[in-house]
Amino acid sequence: MSHPHPELTRPKPLAKGAVRVVALGGLGEVGRNMTVIEYGRKLLIVDCGVLFPEEHHPGVDLILPDFEYIQDRMDDVVAIVLTHGHEDHIGAVPYLLRMKPDIPLVGSQLTLALIEAKLKEHKITPFTLGVKEGDRESFGAFDCEFVAVNHSIPDALAVFIRTPGGTLLHTGDFKMDQLPLDGRITDLRSFARLGEEGVDLFLTDSTNAEVPGFTTPEKNIAPAIEQVFHQASRRIIVACFSSHVHRVQQVLDTAAANGRKVAMVGRSMLRNMSIAADLGYLKVPDGVLVDLGRLAQLPESQQVLICTGSQGEPMAALSRMANRDHKIEVGVDDTVLLASSLIPGNENAVFRVINGLTRLGAKVVHKGNALVHVSGHASAGELLYCYNIVRPRNVMPVHGEWRHLVANGDLAVATGVPRERVILAEDGVVVDLKDGKARIAGAIDCGYIYVDGSSVGGTTETLLKDRRILRDEGFVTIIVVRDASTGKVAAGPEIQTRGFAEDEAVFERLRPRLDEALEQARQNGVTDTHQLQQVIRRTVGSYMGGKLRRRPMIIPIVIDA
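Given the structure is predicted, the values throughout are model-derived calculations rather than measurements.

Pairing within the open sheet is mixed, and its 8 strands lie in the order 7-6-5-3-2-1-19-20. Of all strands in the sheet, those with a lone pairing partner are strand 7 (128-130) and strand 20 (437-443), marking the two edges. Ignoring which end each strand starts from, the neighbouring axes of this sheet average 25 degrees apart. Two strands pair when backbone bridges link them, and strand 5 (residues 77-81) and strand 6 (residues 105-107) are joined in this way by 2 bridges, in the parallel orientation. Directly across from Val 81, in strand 6, lies its bridge partner Val 106.

Shown next as structure tokens:
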């Protein structure tokens, strides 16, 4: 558990007529987006996503929002509104529904189809309510109106929430592509209409707030993809997010135009694209899509593979290909297209995959050397437009690292929002909206919840620290057999090490120090096994730190005989 602001106390009970907003994820990070909105003791949740682990989370599969704030109030949750189908917005829903499976899930057709497929794997049958842009639904005191927004996945929605205590407009992830591939633009007319009605709190996507101007339209990357296909002499491997329907559509269309066949690799890619095709969001050209076995029988100049792994995920298909740990072997003159941008924190993993593929002789095309991907998030120019259209009374930047939140807040101030009305909050900070004014009311404990194999929440920071020590520093085991009647050392100390480059002679010089420390402890009357283990740990730690500049895990074992 972590407390984001030690100077803030726990909030007082919510005042009558006020609205409370608590982000349990998504602020100060790119991922695990989850916002809890409270009015009259009832709760509405907007999104419930995951964060993917980084190198300092060894062994962790996923990171969830911290549900502790609401776990005793699950009966008060009236609905979970999902803005779109990306993992960082829906991936944690199965873990939340384990606590109460009948909470209504509200979202667009594609979003619900993706989460229903995920929940089926968890053996959960949800209660769902499909909505589309223009729809208006009430959940207790929360009157929700849904607005079309453009993003890097179809069917994304913003939600305008009317309550007796005030109004909130949550954009979800969005951008303002004026020529989108699916023809579905961000509905600025509705934004303006809602602005006229009055937006008390504007929660808006911050990811690209530092980027000047406007996000490049999706259609502008088609020539770059066409050029990759035109120049490739052998097989083409395209890596992208398993939910990026627009990018897969572009690859399928380009493959059809160039006489190539396409096979998809990876369970999530196959599942998501099958759902998108069944619902009509993905239009597969006739005869282009084949299975992997059929593709392998074709000349390599006619082969295209679409797989996951564009973020360097260790177990994804592309990473395994780079490590020669996949049935698909990348060879000389293959072309690998990374059709995605870097999520902050993934840079090293992605560059490691690029280097591995290049070493195998492949030509790797990525955003750094070609226009093969555009962001799904609004840049600074688009955010300025939104602030000027909506004219919110208060602003709370969401979805982004701290630098993104600050940049977004500065944009709001530039358009005339008073700085004291811009709320910069982190996960766990409680924001109350009352009488048209938002303010920070306190903070709650809000930490990372780790999914580690079959364990959810059992992995602690202490355990991760131990894993990092084992990974980076190695470990030393000291075994001592003590005469139970005299307290003298009967055998040992035996020293066993793992993860050290030094030869055994270095550790032999540790033995006299241990003998001396153990004898000194005996003479001082130390008989307790735990105390003796501490003596061994201090002696070994001092030696390792001073002589080897290492801080390994030290495991002392004392056996009485």
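Nonpolar side chains in soluble globular proteins generally cluster together in the buried interior. Formed by 41 residues in total, the largest nonpolar core has its most connected members in Met 34, Ile 70 and Leu 96. Breaking this core down by element, the ones donating at least two residues are strand 1 (19-25), strand 2 (34-39), strand 3 (42-46), strand 4 (62-64), strand 5, helix 2 (93-97), helix 3 (109-121) and strand 21 (449-452). If one sorts the elements of this core by residue count, helix 3 sits on top with 7 residues. Every residue in contact with Leu 96, bar those within four places of it in the chain, is listed here: Met 34, Ile 45, Cys 48, Phe 67, Ile 70, Met 74 and Ile 80. In this structure, Val 21, Ala 79, Val 81 and Ile 423 belong to the second largest nonpolar core, which totals 32 residues.

Moving on, we get to the pattern of salt bridges. Counting across every chain of the model gives 24 salt bridges. Note that Asp 432 is salt-bridged to Arg 20, the shortest N-O span being 2.8 Å. Placement of the pair is Asp 432 in strand 19 (residues 429-434) and Arg 20 in strand 1, with a sequence separation of 412 residues. Here the two residues Asp 432 and Arg 20 agree in accessibility, since each one is buried. Glu 300 is the partner of Arg 234 in a salt bridge, and the nearest nitrogen-oxygen pair spans 2.3 Å. Linking Arg 234 in the loop between helix 5 (222-231) and strand 13 (236-239) with Glu 300 in the loop between helix 8 (292-296) and strand 15 (303-307), this pair joins segments that are 66 residues apart in sequence. A single salt-bridge network, built from bridges that share partners, covers Glu 145, Arg 162, Arg 193 and Glu 197.

A few words on the packing of helix 4 (residues 188-197) against helix 11 (residues 380-390). For any two helices packed against each other, the geometry comes down to the angle between their axes and how far apart the axes lie. In the contact formed by helix 4 and helix 11, the axes pass within 7 Å of each other and the chain directions differ by 40 degrees. As far as their axial angle goes, helix 11 and helix 4 are oblique. In this structure, helix 4 uses Leu 188, Phe 191, Ala 192 and Gly 195 to contact helix 11, whose residues at the interface are Cys 386, Ile 389 and Val 390. Looking at the contact of helix 4 with helix 11 residue by residue, the class counts come to 6 nonpolar, 1 polar and no charged.

Our next topic: the sheet that holds strand 14 (residues 261-264). Judged by pairing direction, the sheet is parallel, and its 5 strands sit side by side in the order 14-15-13-16-17 without closing on themselves. Of all the strands in the sheet, just strand 14 and strand 17 (363-365) have a single pairing partner and so form its edges. The mean inter-strand angle of the sheet, taken between neighbouring strand axes irrespective of direction, is 20 degrees. Of the strand pairs in this sheet, strand 13 and strand 16 (residues 335-338) are connected by 4 bridges, and their pairing is parallel. Bridge pairing in strand 16 places Ala 239 opposite Leu 338.

The next thing to look at is the UniProt feature "binding site: Zn(2+)" (unreviewed entry) in the protein chain. Under the present numbering, the feature "binding site: Zn(2+)" (unreviewed entry) in UniProt falls on His 84, His 86, Asp 88, His 89, His 151, Asp 173 and His 399. Spatial clustering of the annotated residues is evident: they stretch over 316 residues in sequence, but the largest pairwise C-alpha distance comes to 13.9 Å. Checking the annotated residues one by one, the ones that line the largest cavity turn out to be His 89, Asp 173 and His 399. Tracing the backbone through its elements, the reader meets His 89 in helix 1 (residues 87-90).

Here the protein chain is partitioned into domain 1 (19-213 + 375-447), domain 2 (218-365) and domain 3 (461-560). Put simply, the middle of domain 1 and the middle of domain 2, counted by C-alpha atoms, are 30 Å apart. In this complex, domain 1 contributes 24 residues to the contact, which on the side of domain 2 involves 19 residues. For the pair domain 1 and domain 2, the number of links is 3 salt bridges. Here Glu 121 ties to Arg 267 by a salt bridge, and the two come within 2.7 Å at their closest N and O atoms. Taken together, domain 1 and domain 2 are joined by 8 residue pairs in polar contact (both at pLDDT 80 or more). For the side of domain 1 that touches domain 2, the elements supplying multiple residues, two or more each, are helix 3 and helix 12 (402-414). Ranked by the residues each element gives to the side of domain 1 that touches domain 2, the list is headed by helix 3, at 7 residues. Across the side of domain 1 that touches domain 2, the residue classes break down as 9 nonpolar, 5 polar and 10 charged.

Moving on, we come to the pairing of strand 8 (residues 136-139). Inspection of the sheet shows strand 8 paired to strand 9 (residues 142-148) by 4 bridges, in the antiparallel sense. Bridge pairing in strand 9 places Ser 138 opposite Asp 143. Counting the residues in the hairpin turn of strand 8 and strand 9 gives 2 residues, including Gly 140, whose phi is positive at 60 degrees.

The rules behind each value
Residues numbered from 1 in each chain as written. Predicted model: local features only at pLDDT ≥ 70, side-chain atom pairs only at ≥ 80, totals over all residues. Heavy atoms only, no water. Pairing = 2+ DSSP bridges. Helix = DSSP H or I, 4+ residues; strand = E, 2+ residues; numbered from the N terminus. Axes fitted to C-alpha atoms, helices over the stretch in contact; angles between N-to-C directions. Core = buried A, V, L, I, M, F, W, Y, C linked by side-chain atoms within 4.5 Å. Buried < 20%, exposed > 50% of the residue type's maximum accessible area, 1.4 Å probe, protein only. Contact = heavy atoms within 4.5 Å. Salt bridge = Lys/Arg side-chain N within 4 Å of Asp/Glu carboxyl O. Parallel < 35°, antiparallel > 145°, perpendicular 65-115°, else oblique. Nonpolar A, V, L, I, M, F, W, Y, C, P; charged D, E, K, R; others polar. UniProt positions renumbered as here; feature names shortened; annotations may be inferred. 1 Å grid on protein atoms, 1.4 Å probe; cavity = no way out; pocket = protein on both sides within 12 Å on 5 of 7 lines; lining within 4 Å. Domains from an automatic or database assignment. Polar contact = N/O pair within 3.5 Å; in protein donor to acceptor, adjacent residues only side chain to side chain.

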